[in-house]
Amino acid sequence: MADLTEYAATFDLVDSDDDGMISAPEMARLMEVLGRPIGPDAAQAAVARLDANGDGLIDLEEFAAYLAANQ
Ligand SMILES: [Ca+2]
Ligand SMILES: [Ca+2]
């Protein structure tokens with residue numbers, strides 16, 4: 001089980017509108033900041049990959065689970 005607080009700061013940086021969810025446009029912005037810009041379709045696909053409960057958005061739990069699995 002991932003420690004959510006460990007990832008909360010990173011999550012907040014990505015969640016630029018502070019609604020507690022990472023959307024596809026926010027994912028696209030993150031990749032741009034990381035120097036690996038992706039288009040809207042790729043951003044949607046990236047969100048879908050992390051989206052465990054299928055609501056089309058990434059919450060902190062899903063984000064933390066992904067980062068923990070990819071360390
Ligand atoms: Ca958001
Ligand atoms: Ca979700």
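From a predicted model like this one, the values you see are computed outputs, not experimental measurements. (Residues numbered from 1 in each chain as written. Chains lettered and ligands numbered in written order. Predicted model: local features only at pLDDT ≥ 70, side-chain atom pairs only at ≥ 80, totals over all residues. Heavy atoms only, no water.)

J.: Describe the nonpolar core, with residues and values.
T.: Residues Phe11, Val14, Ile22, Ala24, Met27, Ala28, Ala43, Ala46, Val47, Leu50, Ile58 and Phe63 constitute the largest nonpolar core, which totals 12 residues. Breaking this core down by element, the ones donating at least two residues are α1 (4-14), α2 (24-33) and α3 (40-50). The element that contributes the greatest number of residues to this core is α3, accounting for 4 residues. (Core = buried A, V, L, I, M, F, W, Y, C linked by side-chain atoms within 4.5 Å. Buried < 20%, exposed > 50% of the residue type's maximum accessible area, 1.4 Å probe, protein only. Helix = DSSP H or I, 4+ residues; strand = E, 2+ residues; numbered from the N terminus.)

J.: Which residues make up the coordination of the calcium ion (ligand 2), and what are the values?
T.: Within the first shell, the calcium ion (ligand 2) binds the protein through Asp51 (OD), Asn53 (OD1), Asp55 (OD), Leu57 (O), Glu62 (OE) and Glu62 (OE), at distances of 2.3 to 2.4 Å. Note that the calcium ion (ligand 2) binds 6 donor atoms; their angles at the metal cover 54 to 154°, and the shape is irregular. Mapping the donors of the calcium ion (ligand 2) onto the primary sequence yields the spacing D-x1-N-x1-D-x1-L-x4-E. (Donors = N, O, S within 2.8 Å, 3.2 Å for Na, K, Ca; no water. Tetrahedral: all angles 85-135°; square planar, octahedral: opposite > 155°, others 65-115°.)

J.: Explain the packing of aromatic side chains residue by residue, including any values.
T.: Scanning the entire structure with this criterion turns up 1 aromatic pair. Measuring from centroid to centroid gives 5.5 Å for phenylalanine 11 and phenylalanine 63, while their planes differ by 70°, and the two rings are edge-to-face. Of the two residues, phenylalanine 11 is situated in helix α1 and phenylalanine 63 in helix α4 (residues 60-69); the sequence distance between them amounts to 52 residues. (Phe/Tyr/Trp six-rings, centres within 6.5 Å; stacked < 30°, edge-to-face > 60°.)

J.: Break down the UniProt feature "domain: EF-hand" (unreviewed entry) in the protein chain for me, with residues and values.
T.: When the UniProt feature table is mapped onto this chain numbering, "domain: EF-hand" (unreviewed entry) sits at residues 2-37 and 38-71. Secondary structure across residues 38-71 divides into 62% helix and 0% strand, with the first and last C-alpha atoms of the span separated by 22 Å. (UniProt positions renumbered as here; feature names shortened; annotations may be inferred.)

J.: Describe the packing of α2 against α3, and please don't skip the residues or the numbers.
T.: The geometry of α2 relative to α3 is characterised by a closest axis approach of 8 Å and an angle of 105° between their N-to-C directions. When the axis of α2 is compared with that of α3, the two are roughly perpendicular. Listed contacts from α3 to Ala24, Met27 and Ala28 of α2 are Ala43, Gln44, Ala46, Val47 and Leu50. Residue composition of the contact of α2 with α3, by class: 7 nonpolar, 1 polar and no charged. (Axes fitted to C-alpha atoms, helices over the stretch in contact; angles between N-to-C directions. Parallel < 35°, antiparallel > 145°, perpendicular 65-115°, else oblique. Contact = heavy atoms within 4.5 Å. Nonpolar A, V, L, I, M, F, W, Y, C, P; charged D, E, K, R; others polar.)

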